[in-house]
Amino acid sequence: MTVLFRLMGIHFKEIYRSPEILFWVVFFPSLLTIGLGYAFNQKNEETISFAVAKENILEERGFKPLAPLDQDGLLVERWEKKTSDSTAGKLRFVGYIASQESDEKILLKRGMVQLLVKGEKDFAYHYDLRNQNAKLAFYLVRPLLEQSKAEDDNRIVSLLVPGTRYVDYLIPGLISMNLMMSCLWGVGYALIEKRSRRLLRRLIATPMRKWQFLLSLIAIRWLFGLLNVSILLTVSYFVFDFKLVGSLFAFLLIYTGAFFAFGGFAILLGSRTSNPETGSGLINSFTSPMVIICGVFFSYQNFPDWIAPPLKFLPLSLVTDALRLIALEGVTWGFLSWRLLVLGIFGVATLILGNKIFKWN
Amino acid sequence: MLLSIKNIHKTFKTVKALRGVSLDLQRGEFVALLGPNGAGKTTLVEIIEGLQKPDSGDVHINGMTWKKNFKDIQKILGLSLQETFFFDRCTVFEVLRLFASFFKVRDEVVEKILTRIGMQDKRNAYSMTLSGGQRQRLALGIALLNDPELLILDEPTTGLDPKARREIWDILQELKDAGNTTLLLTTHYMEEAEVLCERIVLLDQGHILKDQSLESLLLESGHKDLNEIFLNMTGRRLSDDSVV
C-alpha cells in the first residue's frame, strides 16, 4: 500500500503544483457551466426580431423608434415594443425596416432576423420552416401585427416545474462530460506523455507493480474529480438553484462506475503511442463524437429512430442518463443497475485489452 | 560470476542488433561496453536489464534468470537508462523517496544517497529545473538506492558538458573504491572507459570485437588510445565527440 500511496502522492503534487492543470480540472468546468447555463437558461426577456418594409405599421402598433443600426455597410431603422403577459412572458419585439430587398438579405445572412413580413395589410410571412426560432417568431409576431389573439391563448399555462429548465438538463451532462475528459486526458494522455519521456520504462525496471501505477493515476483523478463535481454542484446550486433530487450515494456510485469505464478507455487509448500529438488526436477522436451524440447538450433521441437506441449504450450516454435520472427524477436502483453493469463491462473489457497491448517500453 | 551472457541474438525487423554476443562479468569488475552509435550497446544492456527479450541466448545474473527470478534480480540490480525524465513538478527528494518505496528502502538511505550524488542543495528543486548533469546524477542516485550488486549505466554522460561528466565520474570512482559494486557501463566516449574501467568490451554491428583489459589492449595493438584501435579495426571512429 505504501507504494500506491506514494505514487498517488506524486500524481497529486504534479496536479496541484501545476496551476494550468488546476484551472482546467477544477475551475474551467464551473466556468463552462455558468457560461452555458446563462446562455441557455430561460431569459427574463426574450427578444424577437423581424423585418418589415415600412415603418408605418410599426408606429400604428405602438412601436417606439430606436437609434438606427449602422454596421458594416448596412444602415437600417429599428423600432421596438415591449410586451408582458402571463402566456408569453416578457417579450421585446424589434422591427427592422428593410425597404430594399438587399437589406432583407443582409439582415437574414447576419442572423439579425429570421422572419420577413411583407405586404402592408395582407401580410405574408417569410421564414425557414425548419428553423424553430423563426417559427416561434412567426407565432409571436403575427398576432401583434394583425392585432388578434391566438384562439387557444386561454389554454396556455406557464410551466414552472423544478428540474425542467434547460440548465437542469445541461448540468448532469456537463458533469458526465467532465468525468470523461478528466479520465481520458488525466490518465490516457498522462500515460502517453510519460512514455514519450521514457519514465514508464524506468518505472517498470523497478519492483513497482504495473497495476499500482495505473491504479494510482486513476485514483488521483477520481479524487480530483470529486472536488470538481462538488464545486460544480455547489456553483449550480447557488447560481441556478439546481438541486440534486436523488440519492447522493447513487450519484457517487455512478460517478465511480464512470471512472472505471472511462479509466479503461483511457488505458486502452494510451496503451501504445509515445507521440503526444498522435495521442492527442486519438483522444479527441474518441471524445468529440461522444460529446455530440451522447446527450450532453441535447437528447440523442433527436437522432433518427434507427440510430437513437444504440446510442444509449455508449459509455457517455450511460453516465449522462444515469446522472440525469438521479439528479432530476430521484430514480434509484431499478434504472441504474443495468447501466452500472454495462459500464462495468466496458471497464473490464477495455482494461483487459489495454493491458494486453500496453507498451511500457 | 555475477553476470553471464551466452550467445545473445536480437533482430528488429530487418536490422540484426546483436549477433551472438557472449560476456561474463566477475564481482567487483568495472567494465566498459564501448562502441559507436548503433553498435547494439543499448539493446544488449536492456536485455540484461530484463526490459527486452532476446531472440535466442541466455542471461544469468547471480545464477538467476529473468523468467524464473524476476523479483530477486530486480532487488540486486541498479540501472540508469538513456535520457530519462522524471516527474516534472516533484522535488529531487520526492522522486528519490518514491523510487525508494519500490525497494522498501528507508528515508535515511535516501538522505545518504542525496549526499553521495552531491544534491543536498537541490533536494527541494523540481526535477524539471535540473540541468542535464543534475538529472543524470539523480538517475544515478535512483540506481544506487537499493545498494545494487550489479550497476548498469547506459551512456550516463552523453550530452553532458565536461564538468558535469567529471562529477558523474567522481561518484563512480568512489563506488569503485568502495569495492562492493560491479559496473557495466555503455559509452561511446573513449576517455570515460579509460578513466573508470579496467576492462573494455568493444562492440560493433552486434559483434564483440575485443574483450580485454585496457593495458593489454593498448599493449597488443601498439596504439596509444582506444579510438585508434577501433579506427584500425573498423575504419570508423568511436565517436565524433570523443574529446573531453
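Chains are numbered independently. Their residues run from 1 in the order of the written sequence. Lettering of chains starts at A and numbering of ligands starts at 1, both following the order in which they are written. The model is predicted, so local features are restricted to residues of pLDDT at least 70 and side-chain atom pairs to those at 80 or more, both for listing and for counting; the totals for chains, interfaces and linings are taken over all residues. The side-chain figures draw on all heavy atoms in the structure; neither hydrogens nor water molecules are used.

1. Quick look at the confidence of the model for chain A
Part 1 of the reasoning: A score from 0 to 100, pLDDT tells how confident the predictor is in each residue. Of the residues in chain A, 93% have a pLDDT of 70 or more, and the chain-wide mean is 87.
Part 2 of the reasoning: Helix and strand labels come from DSSP, where a helix needs a run of H or I of at least four residues and a strand needs a run of E of at least two; each type is numbered from the N terminus. Here helix α2 (residues 19-40) of chain A stands out as the element of chain A with the lowest mean pLDDT, 79, in contrast to helix α9 (residues 248-269) of chain A, whose mean of 94 is the highest.

2. Focus: the interface of chain A and chain B
Part 1 of the reasoning: Opposite the 25 residues of chain A that make contact, chain B presents 27 residues.
Part 2 of the reasoning: Around 2700 Å² of area is buried between chain A and chain B when both sides are counted, 59% of it from carbon and sulfur atoms.
Part 3 of the reasoning: Here, a salt bridge means any Lys or Arg side-chain nitrogen found within 4 Å of an Asp or Glu carboxyl oxygen. Remark: the boundary between chain A and chain B carries five salt bridges.
Part 4 of the reasoning: For E20 of chain A, the salt bridge is made with R89 of chain B, and the minimal N-O distance between the two is 3.3 Å.
Part 5 of the reasoning: In the analysis that follows, any N or O atom pair within 3.5 Å is treated as a polar contact, provided that within protein one partner can donate a hydrogen and the other can accept it, and provided that, for residues neighboring in sequence, both atoms belong to side chains. Along the contact surface separating chain A from chain B lie 14 residue pairs in polar contact (both at pLDDT 80 or more).
Part 6 of the reasoning: Elements with a minimum of two residues in the side of chain A that touches chain B: α1 (2-16) and α7 (199-204) of chain A.
Part 7 of the reasoning: Take the side of chain A that touches chain B: its biggest share by element is seven residues, from α1 of chain A.
Part 8 of the reasoning: Put simply, Ala, Val, Leu, Ile, Met, Phe, Trp, Tyr, Cys and Pro go in the nonpolar bin, Asp, Glu, Lys and Arg in the charged bin, and everything else, Gly too, in the polar bin. When its residues are assigned to classes, the side of chain A that touches chain B shows 10 nonpolar, four polar and 11 charged. Here, residues are in contact when the closest pair of their heavy atoms is within 4.5 Å. Note on terms: buried area is the combined drop in 1.4 Å-probe accessible area of two parts once they are placed together, counting the loss on both.

3. What about unusual backbone geometry?
Part 1 of the reasoning: Although it is not a glycine, D241 of chain A adopts a positive phi angle of roughly 60°.
Part 2 of the reasoning: Secondary-structure assignment places D241 of chain A in the loop between α8 (210-240) and α9.
Part 3 of the reasoning: Here D241 of chain A falls in the partly exposed class, since its relative accessible area comes to 43%.
Part 4 of the reasoning: Despite not being glycine, N7 of chain B shows a phi value in the positive range, around 50°. Think of it in three bands: residues with accessible area under 20% of the maximum for their type are buried, residues over 50% are exposed, and the middle band is partly exposed, with areas taken using a 1.4 Å probe on protein chains only.

4. Regarding helix α10 (residues 276-293) of chain A
Each α-helix turn comprises 3.6 residues. Residues three or four places apart therefore point the same way.
Residue and element names in this part refer to chain A.
Part 1 of the reasoning: A rise of 1.5 Å per residue sets the reference length of α10, with its 18 residues, at 26 Å; its end C-alpha atoms lie 26 Å apart and thus fit the reference within 8%.
Part 2 of the reasoning: Those residues of α10 that are buried lie in contact with α6 (166-196), α9 and α12 (315-329).
Part 3 of the reasoning: Capping of α10 at its N-terminal end is provided by N275; its side-chain oxygen lies 2.9 Å from the backbone amide nitrogen of E277.
Part 4 of the reasoning: Directly after α10, the chain includes G295, whose backbone phi takes a positive value near 80°. Any helix carries an expected span of 1.5 Å times its number of residues minus one.

5. Quick look at the sheet that holds strand β4 (residues 89-97) of chain A
All names here are of chain A.
Part 1 of the reasoning: The criterion for strand pairing is that DSSP finds at least two bridges linking the strands in question. In space, the six strands of this open sheet follow the order β2-β3-β4-β1-β5-β6, with mixed pairing throughout. Each having just a single partner strand, β2 (64-71) and β6 (124-127) make up the two edges of the open sheet. Within this sheet the neighbouring strands show an average axis-to-axis angle of 30°, counted without direction.
Part 2 of the reasoning: When strand β1 (residues 45-52) meets strand β5 (residues 115-118), the two strands line up parallel, connected through two bridges. Looking across to β5, one finds that V52 is bridged to V117.
Part 3 of the reasoning: Lines fitted to C-alpha atoms define the axes here, with helix axes fitted over just the stretch in contact, and angles between the N-to-C directions of these axes take values from 0 to 180 degrees. Its contacts with the sheet place helix α4 (residues 101-109) against β1, β3 (74-85), β4 and β5, and it is angled at close to 60° to β3.
Part 4 of the reasoning: Strands β1, β3, β4, β5 and β6 of the sheet are contacted by helix α5 (residues 132-146), whose axis makes an angle of about 165° with β6.

6. Some words on the environment of S127 of chain B
All names here are of chain B.
Part 1 of the reasoning: On the secondary structure map, S127 appears in the loop between α4 (107-116) and α5 (132-144).
Part 2 of the reasoning: Measuring from C-alpha to C-alpha, the distance between S127 and P156 comes to 17 Å, with 29 residues separating the pair along the chain.
Part 3 of the reasoning: In contact with S127, other than residues within four places in its own chain, are F86, F87, D88, C90 and L138.
Part 4 of the reasoning: Reaching out from S127, the side chain makes a polar contact with the backbone oxygen of F87 at a distance of 2.8 Å.

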